[in-house]
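Below are the chains, spelled out letter by letter.
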Amino acid sequence: MSSDPVPTPAPRDRPRPLVLLHGLGQSPIAWQDAVSALGAGRPMTAPWMRGLKPKDPVGFDLGAAAAGVADELELHGIRRADFLGVSVGASVALRLAVERPELVGRLVLGSPLVRPSKGALRMQRLAMRLVPESKLVDAGVSRPRMLAVLDALKGFDGTESLRQVTVPVLLVVGGRDKAGIAAAQQLAALLRDSEVAVIEGAGSVLNTEAPRELADLTTRFLDADAGLDADAGEAPEADGDAPGGEVNRG
């Protein structure tokens, strides 16, 4: 009988945690359907962004929001994660990739607000003013806070910093969002490693309009990298009714 020791099986690699960053006029709960579609195989967290949480002072700064997300990851012991963001959440994820690249694995960006035109901002302000107050209250957001975000984006031009982003990026837009498609193509030309995917029939609010399609694209893109990272750190534990992740309610 051989006396050679039985080799110990290697520990099973885990996918990197996925951080979900909500869009303008949303709260983290907007990710609920997307989280269900993503399934339980990947640890997820959906934090409030600094300047958008109901108890924060009214006002928004992109750098401060990105720093707040980084602080949240460090609090959870996460050293590296993938990011799925929509609208202003996508812009915050891009800012993180520039300022804290060691934290970022892969990016999935839905309708990112990078160098929005004055006309687009004007239309968004008008649309925000037309949203019933009751709907905003149900979402956990306020009109003054959302208008403050649009004001903060007036002078924002992130195109030069995009050249510093080296991680793989998937830009996702809705087929009905013609301005978003044009913007995504412009961004793809500036990013070193990017691709564009279009969800036919969807508009610009992808995490609520097309959560399953967005989840499928995200899963395929992240799995192309196997989503594995020995330096991911501790994964956030599941919470509430969100399989595989948590949707923070603040």
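Residues numbered from 1 in each chain as written. Predicted model: local features only at pLDDT ≥ 70, side-chain atom pairs only at ≥ 80, totals over all residues. Heavy atoms only, no water.

Asks: I'm lost on the overall build of the protein in this one. Help?
Replies: Helices and strands together make up the secondary structure of the protein, namely ten helices and seven strands. When the 250 residues of the protein are sorted by exposure, 52% land in the buried category. Taking the contacts inside the protein whose residues are at least 6 apart along the sequence as the reference set, 76% of them involve residues at least 24 apart. Summed over all atoms, the accessible surface of the protein reaches about 12100 Å², with 52% contributed by carbon and sulfur. (Helix = DSSP H or I, 4+ residues; strand = E, 2+ residues; numbered from the N terminus. Buried < 20%, exposed > 50% of the residue type's maximum accessible area, 1.4 Å probe, protein only. Contact = heavy atoms within 4.5 Å. Areas by Shrake-Rupley, 256 points an atom, 1.4 Å probe, with all protein chains shown as cover.)

Asks: Would you explain the pattern of salt bridges in this entry?
Replies: It is possible for side chains bearing opposite charge to pair when their charged atoms get close. Summed over all chains, the structure comprises seven salt bridges. Where Arg 42 meets Asp 223, a salt bridge forms, and the shortest distance between an N and an O atom there is 3.0 Å. Pair noted here: Arg 42 is in the loop between α1 (32–38) and β2 (44–46) and Asp 223 is in helix α10 (residues 211–223), with a separation of 181 residues, a long-range link. We classify Asp 223 as partly exposed; its relative accessible area is 43%. Here Glu 99 ties to Arg 95 by a salt bridge, and the two come within 2.5 Å at their closest N and O atoms. Residue Glu 99 and its partner Arg 95 are located together in helix α3 (residues 88–99), separated by four residues, close to a single helical turn. With a relative accessible area of 42%, Glu 99 lands in the partly exposed category. (Salt bridge = Lys/Arg side-chain N within 4 Å of Asp/Glu carboxyl O.)

Asks: Explanation requested: the pairing of strand β4 (residues 104–110) in the structure shown.
Replies: If a strand is regular, its side chains alternate between the two faces of the sheet. Of all seven residues making up β4, seven are buried, and the element is well covered by its neighbours. Taken together, the five bridges between strand β3 (residues 81–86) and β4 define a ladder with parallel strand orientation. If you follow Ala 81 over to β4, its bridge partner there is Val 104. Relative to strand β5 (residues 169–174), β4 runs parallel, the two sharing four bridges. When the sheet's bridge partners are listed, Leu 107 is paired in β5 with Val 169. (Pairing = 2+ DSSP bridges.)

Asks: Would you mind showing me how to read α3 here?
Replies: In an α-helix, one turn spans 3.6 residues, which is why side chains three or four residues apart end up on the same side. The end-to-end C-alpha distance of α3, which contains twelve residues, comes to 16 Å, matching closely the 16 Å that a straight helix rising 1.5 Å per residue would cover. Across the twelve residues of α3, ten count as buried, placing the element largely inside the fold. (Expected span 1.5 Å × (residues − 1).)

Asks: What exactly am I supposed to notice about the nonpolar core here?
Replies: Within soluble globular proteins, side chains that are nonpolar tend to cluster in buried spots. By size, the foremost hydrophobic cluster in this structure holds 44 residues, and its most contacted members are Phe 83, Val 92, Leu 107 and Val 165. Only β1 (18–21), α2 (62–75), β3, α3, β4, α6 (143–153), β5 and α8 (178–190) provide two or more residues apiece to this core. Considering every element that reaches this core, the biggest residue donor is α3, with eight residues. Non-local contacts of Val 165, meaning those with residues more than four positions away in its chain, are made with Leu 94, Ala 97, Val 98, Leu 107, Leu 191 and Arg 192. (Core = buried A, V, L, I, M, F, W, Y, C linked by side-chain atoms within 4.5 Å.)

Asks: Before we go on, may I ask you to explain the pairing of β1 in this structure?
Replies: Neither face of β1 is left uncovered, since the one carrying Leu 18 and Leu 20 and the one carrying Val 19 and Leu 21 both have all their residues buried. Across two bridges, the pairing between β1 and β2 is parallel. Across the sheet, the residue bridging to Val 19 is Thr 45, located in β2.

Asks: How should α2 be read in this particular structure?
Replies: Helix length check: α2, at 14 residues, gives a terminal C-alpha distance of 20 Å against a target of 20 Å (1.5 Å per residue), a fit within 8%. Residues of α2 that are buried include every one of Leu 62, Gly 63, Ala 65, Ala 66, Gly 68, Val 69, Ala 70 and Leu 73, and no others. Each element contacted by the buried residues of α2 is listed here: β1, β3 and α3. Positioned one or two residues after α2, Gly 77 has a phi angle of 75°, which is positive.

Asks: It is not clear to me how the side chain of Gln 26 should be interpreted in this structure. Could you clarify?
Replies: Looking at the element boundaries, Gln 26 is found in the loop between β1 and α1. Given a relative accessible area of 9%, Gln 26 falls into the buried group. Here the side chain of Gln 26 touches Asn 207 through a polar contact of 2.9 Å, side chain to side chain. (Polar contact = N/O pair within 3.5 Å; in protein donor to acceptor, adjacent residues only side chain to side chain.)

Asks: Mind showing me how you'd approach the environment of Asp 151 here?
Replies: Relative to the helices and strands, Asp 151 is located in helix α6. A sequence separation of 92 residues divides Asp 151 from Gly 59, and the C-alpha atoms of the two residues are 8.9 Å apart.

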